[in-house]
Amino acid sequence: MKCIIIEDELPAQLILKSYIKRFDQLELISSFQTAIEANSFLKKNTIDLVFLDINLPDISGLDFIKTVQNPPQIIITTAYPDYALDSFELDTIVDYLVKPFSLERFLKAISKAEKRYQSESNYSNSETIFLNIDKALHKVKIEDILYIESDRNYLTFVTEKQKLSVIDSLKNWTESLSKHQFIQVHKSYLINLKKVDKVIGNILYIKEQKIPIGRTYKSNFINTIQ
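Residues numbered from 1 in each chain as written. Predicted model: local features only at pLDDT ≥ 70, side-chain atom pairs only at ≥ 80, totals over all residues. Heavy atoms only, no water.

Some words on the pairing of strand β10 (residues 163–167)
Item 1. Here β10 shows one buried face, formed by L164 and V166, and one open face, formed by K163, S165 and I167.
Item 2. Bridge analysis of strand β9 (residues 154–158) against β10 gives five bridges, and the strand direction is antiparallel. Directly across from T156, in β10, lies its bridge partner S165. (Buried < 20%, exposed > 50% of the residue type's maximum accessible area, 1.4 Å probe, protein only. Helix = DSSP H or I, 4+ residues; strand = E, 2+ residues; numbered from the N terminus. Pairing = 2+ DSSP bridges.)

So, in structure tokens, the structure goes:
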């Protein structure tokens, strides 16, 4: 996994670098002391994992994450455990490390990231998915999916020809399908950008289906389609 460090304290940077060197699955690409520098880098480069300090001199780590389109996986590093609850509200964050953290705790964090990375790679390397419904695997082409709708513990995958419902959460698909131009526009909807016919106010249209655009997601959606 290609990774970067965003940490304004050099001693903390050195500790992370020393830990990263111990693991062959991690490749440190660069280190930054400010979020602004990192943001410029991320616009031009693809990274799998970011070690991110929350308390940065220019903008907080949590606010920084919200500005990055299709952000990579993130492991938070902080001296303040109170931030942990807030950080886990963001889907891209896989774990948090409270300073000072041990090598053993670091290993647990990257193990979580590696597991998610492998899962996403399996999805992104395939143009089809298989949905387990009533003990039968149903093959679906990713490009045929119009949108995915969440209703409590169920997801419904909608194509022009069929609707398939499975027990799952939208969170498990949001990141893996982003590589196929899927984007979340509402807490209950993940849509295929290629299938959007028009947008009127806070409603987008895919075929004859009206899909609401949530206030939280609207800015990112508009920036993406423009």
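Picking up where we left off.
Thoughts on the domain arrangement of the protein
Item 1. One can read the domain layout of the protein as domain 1 (2–124) and domain 2 (128–225).
Item 2. When each unit is reduced to the centre of its C-alpha atoms, the spacing between domain 1 and domain 2 is 28 Å.
Item 3. Each partner contributes to the interface: domain 1 provides eight residues, whereas domain 2 provides 13 residues.
Item 4. At the boundary of domain 1 with domain 2, the tally comes to one salt bridge.
Item 5. Residue R116 pairs with E175 through a salt bridge whose shortest N-O separation is 3.2 Å. (Domains from an automatic or database assignment. Contact = heavy atoms within 4.5 Å. Salt bridge = Lys/Arg side-chain N within 4 Å of Asp/Glu carboxyl O.)

Considerations on the UniProt feature "modified residue: 4-aspartylphosphate" (unreviewed entry) in the protein
Item 1. Taken from the UniProt record, the annotation "modified residue: 4-aspartylphosphate" (unreviewed entry) applies to D53.
Item 2. Within the secondary structure, D53 is located in strand β3 (residues 49–53).
Item 3. Apart from the residues within four sequence positions on either side, D53 is in contact with I6, E7, D8, G61, T77, T78 and K99.
Item 4. A polar side-chain atom of D53 sits 3.5 Å from the main-chain amide nitrogen of N55. (UniProt positions renumbered as here; feature names shortened; annotations may be inferred. Polar contact = N/O pair within 3.5 Å; in protein donor to acceptor, adjacent residues only side chain to side chain.)

Some words on the UniProt feature "domain: HTH LytTR-type" (unreviewed entry) in the protein
Item 1. Here the UniProt-annotated "domain: HTH LytTR-type" (unreviewed entry) positions come out as residues 129–199.
Item 2. Between the first and last C-alpha atoms of residues 129–199 the distance is 28 Å; the span itself is 11% helix and 52% strand.

Concerning the side chain of T174
Item 1. Here T174 is to be found in helix α6 (residues 171–178).
Item 2. Here Q184 takes part through its side chain, which lies 3.5 Å from a polar atom of the side chain of T174.
Item 3. Look past the residues within four positions of T174 in its chain and what remains in contact with it is Q184 and L190.

Points about the packing of aromatic side chains
Item 1. Within the structure shown, the criterion is met by seven aromatic pairs.
Item 2. When the ring of F23 is compared with that of F106, the centres are 5.8 Å apart and the planes differ by 40°; the resulting orientation is tilted. Note that F23 is positioned in the loop between α1 (10–20) and β2 (27–32) and F106 in helix α5 (residues 103–124), a separation of 83 residues in sequence.
Item 3. Given a relative accessible area of 0%, F106 falls into the buried group.
Item 4. A ring pair is formed by F51 and F106, whose centres lie 5.4 Å apart and whose planes are at 20°; its orientation type is stacked. With F51 in strand β3 and F106 in helix α5, the pair connects residues that are 55 residues apart, well separated along the chain.
Item 5. Taken together, Y19, F23, F51, F101 and F106 form an aromatic cluster joined through their ring pairs.
Item 6. The positively charged end of K198 is found above the aromatic ring belonging to Y205, 4.8 Å away from the centroid. (Phe/Tyr/Trp six-rings, centres within 6.5 Å; stacked < 30°, edge-to-face > 60°. Lys NZ or Arg CZ within 6 Å of the ring centre and 35° of its normal.)

Looking at the environment of E37
Item 1. With respect to the element layout, E37 can be found in helix α2 (residues 35–44).
Item 2. Linking E37 and E160, residues 123 residues apart in sequence, is a C-alpha distance of 44 Å.

As for the nonpolar core
Item 1. Counting 19 residues, the largest nonpolar core has I4, I6, L52, F64 and I76 as its most contacted members.
Item 2. Secondary structure elements with two or more residues in this core: β1 (2–6), α2, β3, α3 (61–67) and β4 (73–78).
Item 3. Here this core takes four residues from α2, the largest share from any one element.
Item 4. In this structure F64 touches I6, A35, A38, N39, L42, L52 and I59, once residues within four positions along its chain are discounted. (Core = buried A, V, L, I, M, F, W, Y, C linked by side-chain atoms within 4.5 Å.)

Quick word on the sheet that holds β10
Item 1. Strands sit in the order β10-β9-β8-β12-β11 across an open sheet of five strands; the sheet is antiparallel. Edge positions in the sheet fall to β10 and β11 (182–186), since each of these pairs with one other strand and no more. Averaged over neighbouring strand pairs, the angle between their axes works out to 25° when direction is ignored.
Item 2. Note: strand β8 (residues 147–151) against strand β12 (residues 189–192), three bridges, orientation antiparallel. Counterpart to Y147 in the pairing with β12 is I191. (Axes fitted to C-alpha atoms, helices over the stretch in contact; angles between N-to-C directions.)

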